[in-house]
Amino acid sequence: CVRACACVRVCVHMSVAVFCTCRYGIDEQVLELVEPQRPWPSMRYSHSAVVYEDTMIIFGGLLVPSEKFTSEMWTYDFTDGSWSVKIWHPSSSVANGNNFTVMQNDSSNYTEVVYDYFSGDDSDGYDVSQELYNSTRNNSNNLMLPVLVRGHTAHIVGDRMLVFFGAVRSSEPFPSLVQELDLGNMTWSVPSLKGIIPSGRHGHTSVHIEELDVVYVYGGQSSNGINDILVAFNLTTYTWYSLSSSHQQPFLHSAVFIHHLMVIFGGVDLLESQEDLCFSNTVLTYDTVCKKWSKLVLSGSSLGISRRGHSAVATNKEITMLVFGGYDGQMRSDVLQIQFCELECVHVDTT
């Protein structure tokens, strides 16, 4: 069951393009632009967004148009519609000569700290992504925190925000990095990890399954290509373990958890010769009870729903996946509703 609702509002304030906040009424099926209040974030992409109490927290990503990594954590208050920002200045260094830049953002009247993850230019030699890779594999604490990332995912667990993986720059390898922010005292740490630590990646998805006390991580691009193995992270023991392969190669897709299903939608449907031209409308599910992957067939029209780089949430009704935006050759501003009518496990174990 798929329905689309178009939003054609333009994100412009006083003739200047700004970071937009939109609100979608689930019952009304109306997407509306929320009037911005100063200060507000500058434009960015490949950041993460999570809900903590009465706020939304966004972290990391790349600023537009500078393409710089940022140390900002912006918080949006749902009660009064205001934004506030927390900026971490580098507290320790993984190498001499890291290039830091402090920039004044005139449009928002705040100072943002951004930096490059290598000293000098590409030909100079030192690549901090390799240092991060070595440090995280060896559970080293000699890192500059927070490590600035793009294409990562984040989850709220109690009074902590956990940030999973992400790219530190365009080169490889990607660090197998889990960062933890204590939301009480606003301090960052890199916990020691156990188990078979999966390869670092970006463009993946993850879901927090509270009743199992785990985070499932799926897909994304690593140094070895696109991942198809579902991996799990135990939130009590900080142990990684592998589950199973979907035999798909998802990248820049979305994921939500509905009842006992991890639901995957869209992304890049990887073809060796046309990776940048393909946009998927595939719906995959992993059943946490049956331990089984399935590909679902959508009823209704599927025209115009293929996309990548979108976002998605599950509604409180727990039977609907809302998909917003993305890219299918052009930027999308619509909202898709994917409704799940049959959620019972039909797999019969004959062993």
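Note that this is a predicted model, so its numbers are computed, not measured.

A. Geometry of the overall build of the chain. A tally of helices and strands in the chain yields one helix and 32 strands. Expressed as a percentage of the 351 residues in the chain, the buried residues total 48%. Within the chain, contacts between residues at least 6 apart in sequence are counted, and of these 52% link residues at least 24 apart.

B. The pairing of strand S5 (residues 30–33), seen in detail. Here strand S4 (residues 22–25) runs beside S5; their pairing, made up of four bridges, is antiparallel. Opposite Tyr24, over in S5, you have Leu31 as the bridge partner. The turn joining S4 and S5, which pair antiparallel and follow one another in sequence, is formed by four residues; a positive phi near 55° is taken by Gln29.

C. Spotlight on the packing of aromatic side chains. Within the structure shown, the criterion is met by 13 aromatic pairs. Taking the centre distance of 5.1 Å and the plane angle of 35° together, the rings of Phe59 and Trp188 count as tilted. With Phe59 in strand S8 (residues 55–59) and Trp188 in strand S18 (residues 187–189), the pair connects residues that are 129 residues apart, well separated along the chain. Taken as a pair, Phe59 and Trp188 share a single burial class, namely buried. A centroid spacing of 5.8 Å and a plane angle of 85° characterise the contact between Tyr76 and Phe78, whose relative ring orientation is edge-to-face. Tyr76 gets classed as buried once you look at its relative accessible area, which sits at 7%. Overall, the relative accessible area of 45% leaves Phe78 in the partly exposed class. The structure contains a cluster of three or more aromatic residues connected by ring pairs, namely Phe164, Phe165, Phe233, Tyr238 and Trp240.

D. Spotlight on the nonpolar core. Within the largest apolar cluster, 19 residues are counted, with the highest numbers of intra-cluster contacts made by Ile57, Phe59, Met73, Met161, Val163, Leu181 and Trp188. Contributing elements (two or more residues each) for this core: strand S7 (48–52), S8, strand S15 (153–157) and strand S16 (160–164). In this structure, Trp188 is in contact with Phe59, Trp88, Leu145, Pro146, Met161, Val163, Gln179, Glu180 and Leu181, ignoring residues within four places of it in sequence.

E. Structural detail: the environment of Phe78. Topologically, Phe78 is positioned in the loop between strand S11 (72–77) and strand S12 (83–87). In sequence terms Phe78 and Met56 are 22 residues apart; their C-alpha atoms lie 7.5 Å from each other. Beyond its immediate sequence surroundings of up to four residues, Phe78 is in contact with Val51, Asp54, Thr55 and Met56.

F. Layout of the sheet that holds strand S25 (residues 239–245). With mixed pairing, five strands are arranged side by side in an open sheet as S19-S25-S24-S21-S20. Taken across any chain shown, the strands that pair with only one partner, and hence form the sheet edges, are strand S19 (194–195) and strand S20 (205–209). Alignment of strand S21 (residues 214–218) against strand S24 (residues 229–234), held across four bridges, turns out to be antiparallel. When the bridges of S24 are listed, Val214 appears paired with Asn234.

G. Structural context of the sheet that holds strand S29 (residues 292–296). The sheet built from four strands is open, its strands ordered S26-S27-S28-S29 with antiparallel pairing. Unpaired on one side and paired on the other, strand S26 (254–258) and S29 mark the two borders of the sheet. The average undirected angle you get between the axes of adjacent strands in this sheet is 25°.

H. Local environment of a nonpolar patch on the surface. Judged by side-chain polarity, Met43, Tyr45 and Val64 come together as a nonpolar surface patch covering roughly 220 Å² of accessible area. Its location among the elements puts Met43 in the loop between S5 and strand S6 (44–45). Judged by relative accessible area, Met43 falls into the partly exposed class, the value being 33%.

I. Broad picture of the pattern of salt bridges. All told, the structure shown has five salt bridges when counted by the stated rule. Its salt-bridge partner being Arg44, residue Glu72 comes within 2.7 Å of it at the nearest N-O pair. Residue Glu72 is located in strand S11, and its partner Arg44 is located in strand S6; the two are separated by 28 residues in the primary sequence. We note a salt bridge from Asp328 to Arg332, for which the minimum N-O separation is 3.1 Å. Assessed through its relative accessible area of 22%, Arg332 is described here as partly exposed. Through salt bridges with shared partners, one network takes in Arg307, Asp328, Arg332 and Asp334.

J. View of the side chain of Thr288. Position of Thr288 among the secondary structure elements: in the loop between strand S28 (283–287) and S29. Exposure remark for Thr288: the relative accessible area of 10% places this residue in the buried category.

K. Main features of the confidence of the model for the chain. Looking at the chain, pLDDT values average 75 and 69% of them are 70 or higher. The low-confidence segment residues 91–141, where pLDDT is below 50, has 115 contacts with residues more than four positions distant or belonging to other chains.

Rules used throughout
Residues numbered from 1 in each chain as written. Predicted model: local features only at pLDDT ≥ 70, side-chain atom pairs only at ≥ 80, totals over all residues. Heavy atoms only, no water. Helix = DSSP H or I, 4+ residues; strand = E, 2+ residues; numbered from the N terminus. Buried < 20%, exposed > 50% of the residue type's maximum accessible area, 1.4 Å probe, protein only. Contact = heavy atoms within 4.5 Å. Pairing = 2+ DSSP bridges. Phe/Tyr/Trp six-rings, centres within 6.5 Å; stacked < 30°, edge-to-face > 60°. Core = buried A, V, L, I, M, F, W, Y, C linked by side-chain atoms within 4.5 Å. Axes fitted to C-alpha atoms, helices over the stretch in contact; angles between N-to-C directions. Patch = residues over 30% accessible without salt bridge, like charges linked within 9 Å, V, L, I, M, F, W, Y side chains within 5 Å. Areas by Shrake-Rupley, 256 points an atom, 1.4 Å probe, with all protein chains shown as cover. Salt bridge = Lys/Arg side-chain N within 4 Å of Asp/Glu carboxyl O. pLDDT = per-residue confidence, 0-100.

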